[in-house]
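One-letter residues, chain by chain:
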Amino acid sequence: MSKPQVVVTRRIPHAGLELVQEQADIRLWDSDEPIPRATLLEWVQGIDGLYCLLTESIDDELLDAAGPTLKVVSTLSVGYDHIDVDACTRHHVAVGNTPGVLTDTTADLAIGLLLATARRIPESIDAVRRGEWTTWKPEWMAGYDVYGSTVGIVGLGRIGTAFAKRLQGFDCRILYYNPEPNPANADAVGAEYVEMDTLLAESDFISIHTALTEQTQHLFDAEAFRKMKPTAILINTSRGGTVDQEALYQALVNGEIAAAGLDVTTPEPLPADHPLLQLPNCVILPHIASASYATRARMALLAAENVIAGVKGEPLPYPI
Ligand code: GLV
């Protein structure tokens, strides 16, 4: 009996590829760059499973191109805003993601970005490289203390809670906003539920950990920035779309907030000449929150398990 056909849209950690290869015939886009859309639409015709990344839009056009053989779409990511899950359901295609395994790695990076932004670490490194370190100066490169501060977390899910757990070590007061309170997570990390406006007004740092949905699209807009402290710092490791970047740029330039640390932007990659990259009070990383070798390997394995189960018609171990 012939093996199921699976398209893998990018070079992925070896462990994941090997696992899929044992069970399926793979067509691999063997590159670190995204597969062109036209090629993907051609390659998916008649396949059984698609192993994709967050850079691929999975929509009606792609599902129609794949046709009725497609049983599963498995993404090597926890976020799935690039997948039209309703369209997949209509096409009887199961969808899986990689929850859980990247929680701590992502929370670690969010803390790193928070410290880097608050304490102006990238700006200081650049100044040293440019030879501007002339002497010890009392207020040169002074930033904001994280310890003892009030931190507002938007989205106290797995990653938000892991982030809060780390903040306990900095003796922070932790506020959170979710559409519904989450007492189980909150009690574990001593977080206090507040309305969004209170979180905006009282937080020294705000960190976004919510999924991108219609409700969270541009949650941080001009109005939100006006409600924040002028000394506040925004950290985003969720999805770029949760922040209105035009409004963020204005808020940073006009001093409505002090700084921002972004691991995610719109678009990705952010063009090198983007106005946000000209601002010293905006730290931008290239969407690396889950990028440790171990975590990316675990994600590749989970996504492999999903695609294998899916092509066999079995329930996915990590379904959406
Ligand atoms: C990364 O952003 C992910 O969703 O896994």
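Refer to the preceding data block for the structure.
Residues numbered from 1 in each chain as written. Predicted model: local features only at pLDDT ≥ 70, side-chain atom pairs only at ≥ 80, totals over all residues. Heavy atoms only, no water.

**Some thoughts on the packing of helix H5 (residues 103-118) against helix H7 (residues 158-168)**
- One can describe the packing of H5 onto H7 by two numbers: an axis separation of 8 Å at closest approach and a directional angle of 55°. Between H5 and H7, the angle is such that the two are oblique. As for the relative orientation of H5 and H7, their crossing is right-handed in sense. Contacts between H5 and H7 involve Thr-103, Asp-104, Thr-106, Ala-107, Asp-108, Ala-110, Ile-111 and Leu-114 on the former and, on the latter, Arg-158, Ile-159, Ala-162, Phe-163, Arg-166 and Leu-167.
- Grouping the amino acids of the contact of H5 with H7 by side-chain chemistry returns 8 nonpolar, 2 polar and 4 charged. (Axes fitted to C-alpha atoms, helices over the stretch in contact; angles between N-to-C directions. Helix = DSSP H or I, 4+ residues; strand = E, 2+ residues; numbered from the N terminus. Parallel < 35°, antiparallel > 145°, perpendicular 65-115°, else oblique. Left-handed = near helix turned anticlockwise from the far one by under 90°. Contact = heavy atoms within 4.5 Å. Nonpolar A, V, L, I, M, F, W, Y, C, P; charged D, E, K, R; others polar.)

**Concerning unusual backbone geometry**
- Following Thr-266, the chain continues into Pro-267 via a peptide bond in cis, with omega recorded as -5°.
- Its location among the elements puts Pro-267 in the loop between strand S11 (259-262) and strand S12 (282-284).
- A cis amide bond links Glu-268 with the next residue in sequence, Pro-269, at an omega value of -5°.
- Even without a glycine there, the phi angle at His-287 is positive, about 50°.
- Tracing the backbone through its elements, the reader meets His-287 in the loop between S12 and helix H12 (293-311).

**Points about the sheet that holds strand S1 (residues 5-8)**
- If you trace the 5 strands from one edge of the open sheet to the other, you get S2-S1-S3-S4-S5, paired in parallel fashion. Sheet topology places strand S2 (25-28) and strand S5 (94-96) at the edges, where each strand pairs with a single neighbour. The sheet shows a mean angle of 15° between the axes of neighbouring strands, direction not considered.
- Pairing of strand S4 (residues 72-75) with S5, which is carried by 3 bridges, proceeds in the parallel orientation. Across the sheet, Val-73 pairs through a bridge with Val-95, a residue of S5.
- Sheet contacts for helix H1 (residues 14-23): S1, S2 and strand S3 (49-52); angle to S2, the most-contacted strand, approximately 135°. (Pairing = 2+ DSSP bridges.)

**Focus on the side chain of Thr-75**
- With respect to the helices and strands, the residue Thr-75 is situated in strand S4.
- Thr-75 has contacts with Cys-52, Leu-53, Leu-54, His-82, Ile-83, Gly-96, Asn-97, Thr-98 and Ala-303, leaving out every residue within four places of it along the chain.

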